[in-house]
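A structural walkthrough
Given next are the chains, with one letter for each unit.
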Amino acid sequence: HRRAALAFVVAGTFAALGGPRRAASQGLGEPWHLSIGTDALTRELARRFPLQARVLDLADARAERPQLRLLPAANRVALDLQLTLTERVLGARFPGRMAFDAGLRYDPADPAVRLDQARVRSFRFDGLPPEIAAAVNQAGRQLAEQQLEG
């Protein structure tokens, strides 16, 4: 599931750095604070890539080389990804980029940190035939927004 695959960005890092244990150690219902440096987040994030997915049995998509930025003024994180779309019949490859930002929320039911109010800022594949480029890029952006939220 793509949502889960992209939510790993924060949830895996949070868990790897002791987030739930730290929260539990400070008592139930009490406010707590966790600080994780950009370097630690970036290292943990890099371990989880590349991501790969099949798209409608027509192409294979790959996301890699994540670039993480913190947006403290907006209380959000931003992520830029390098994309590759490989058409399955002829093997044509199309490079691309995706950028999104999201807030973070803690879900005590799992426990996990989830992306919240994700917004895709840009999504494009370069070199697509002109007759399909706009449709593919728009559909890709919409699919990415749907999969990131949740």
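Reference entry: report on the structure contained in this document.

1. What to know about the nonpolar core
Counting 25 residues, the largest nonpolar core has Leu 81, Met 98 and Phe 100 as the members making the most contacts within it. Those elements that place two or more of their residues in this core are helix H3 (38-46), strand E2 (59-71), strand E3 (76-87), strand E4 (93-107), strand E5 (112-125) and helix H4 (130-148). Apart from residues no more than four positions distant in its own chain, Met 98 is found in contact with Leu 79, Asp 80, Leu 81, Leu 83, Val 120, Ser 122, Phe 123, Ala 144 and Leu 148.

2. Topic: H4
With 19 residues, H4 should reach 27 Å at 1.5 Å per residue; the first-to-last C-alpha distance of 27 Å fits that figure. The set of residues buried in H4 consists of Ala 133, Asn 137, Gly 140, Ala 144, Gln 147 and Leu 148. All buried residues of H4 fall inside an arc of 105° around its axis, so they share one side. Residues of H4 that are exposed and point more than 90 degrees away from the buried face comprise Glu 131, Ala 134, Ala 135 and Gln 146.

3. Here we look at the pairing of E3
By the criterion of burial, E3 is predominantly enclosed, with nine of the twelve residues buried. By the bridge criterion, eleven bridges tie E2 to E3 in an arrangement that is antiparallel. What sits directly across from Leu 68, in E3, is Leu 79. Between E2 and E3, which pair antiparallel one after the other, the connecting turn spans four residues, and Asn 75 there sits at a positive phi close to 55°. Hairpin connection between E3 and E4: a loop of five residues separates the two successive antiparallel strands, and Gly 91 in this loop has a positive phi of roughly 80°.

4. What about the pattern of salt bridges?
Tallied over the full model, the rule gives ten salt bridges. Residues Arg 88 and Asp 60 are paired through a salt bridge, measuring 4.0 Å at the closest nitrogen-oxygen approach. A residue pair is termed long-range when its members are at least 10 positions apart, and Arg 88 in the loop between E3 and E4 and Asp 60 in strand E2 qualify at 28 residues. Here Arg 88 falls in the partly exposed class, since its relative accessible area comes to 38%. With its nearest N and O atoms 3.3 Å apart, the salt bridge here joins Asp 101 to Arg 119. Taken together, the positions of Asp 101 in strand E4 and Arg 119 in strand E5 put the pair 18 residues apart, joining distant regions of the chain. Of the residues examined, Asp 101 reaches a relative accessible area of 4% and is grouped as buried. Note on Arg 119: relative accessible area 39%, which makes it partly exposed. Three or more residues are tied together by salt bridges with common partners; here these are Arg 54, Asp 57, Asp 60 and Arg 88.

Calculation notes
Along every chain, residues carry numbers that run from 1 in the direction the sequence is written. Totals for whole chains, interfaces and linings use every residue, but because this is a predicted model, local features are given only for residues with pLDDT of at least 70 and side-chain atom pairs only at 80 or more, for both listing and counting. To obtain the side-chain values, all non-hydrogen atoms of the structure were included, while hydrogens and water were left out. Residues grouped as a nonpolar core are buried Ala, Val, Leu, Ile, Met, Phe, Trp, Tyr and Cys residues, joined through side-chain atoms within 4.5 Å. Exposed residues in this analysis have more than 50% of their type's maximum accessible area, buried residues have under 20%, and partly exposed residues fall in between, with area computed by a 1.4 Å probe over protein chains only. To qualify as a helix, a DSSP run of H or I must reach at least 4 residues; to qualify as a strand, a run of E must reach at least 2; elements of each kind are numbered from the N terminus. Residues count as neighbours in contact if any of their non-hydrogen atoms are within 4.5 Å of one another. Multiplying 1.5 Å by the residue count of a helix minus one yields the expected span of that helix. This arc describes the spread of directions from the helix axis toward the C-beta atoms. In this scheme, strands are said to pair when DSSP sees at least two bridges between them. The salt bridge definition used is simple: a Lys or Arg side-chain nitrogen within 4 Å of an Asp or Glu carboxyl oxygen.

Spatial relationships are all this shows, so hold off on functional conclusions.
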